[in-house]
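This is what each chain is made of:
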Amino acid sequence: MMSSNNMADPRRPNKILRYKPPSTETNPTLEDPTPDYMNLLGMIFSMCGLMLKLKWCAWIAVYCSFISFANSRSSEDTKQMMSSFMLSISAVVMSYLQNPQPMSPPW
């Protein structure tokens, strides 16, 4: 039974090629700018949260930092990402240290 199934197999072993993802060196348009944008937005929102004492800005900064970390590649600079993440966490901590009441909705 196994040999009859093998005879009817239309696949050609010499035509099988392993998938290689396209490199970003040859085509720079394939690089995703989302982590960079989210990193920048996280830093802007965390600075607004620290300077203006807006809790919702600090929470948005944490959210942007998580998105930046989740979408980044392992080859990217982790120092900048971790500094953005720590800045957003410090914005949340400082805004709640100055005013420990729960956050009021911005609307």
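Residues numbered from 1 in each chain as written. Predicted model: local features only at pLDDT ≥ 70, side-chain atom pairs only at ≥ 80, totals over all residues. Heavy atoms only, no water.

Naming follows an unreviewed UniProt entry, where the protein chain appears as PAT complex subunit Asterix of Collichthys lucidus. Of the protein chain, the UniProt comment under Sequence similarities (unreviewed entry) reads exactly: "Belongs to the Asterix family." The Subcellular location (unreviewed entry) comment attached to the protein chain in UniProt states, word for word, "Membrane". (UniProt positions renumbered as here; feature names shortened; annotations may be inferred.)

Caption draft 1: Quick look at the overall build of the protein chain. Check the secondary structure of the protein chain and you find four helices and zero strands. Starting at the N terminus and ending at the C terminus, the protein chain contains elements arranged as α-α-α-α. Taking all 107 residues of the protein chain together, 19% fall into the buried category. Within the protein chain, contacts between residues separated by at least 24 positions form 64% of all contacts whose residues are at least 6 apart in sequence. For the protein chain, the accessible surface area stands at approximately 8700 Å², while carbon and sulfur atoms represent 65% of it. (Helix = DSSP H or I, 4+ residues; strand = E, 2+ residues; numbered from the N terminus. Buried < 20%, exposed > 50% of the residue type's maximum accessible area, 1.4 Å probe, protein only. Contact = heavy atoms within 4.5 Å. Areas by Shrake-Rupley, 256 points an atom, 1.4 Å probe, with all protein chains shown as cover.)

Caption draft 2: Seen up close, the UniProt feature "transmembrane region" (unreviewed entry) in the protein chain. In the numbering used here, UniProt assigns the "transmembrane region" (unreviewed entry) feature to residues 40-69. Note that residues 40-69 is 93% helix and 0% strand, and that its end C-alpha atoms are spaced 12 Å apart.

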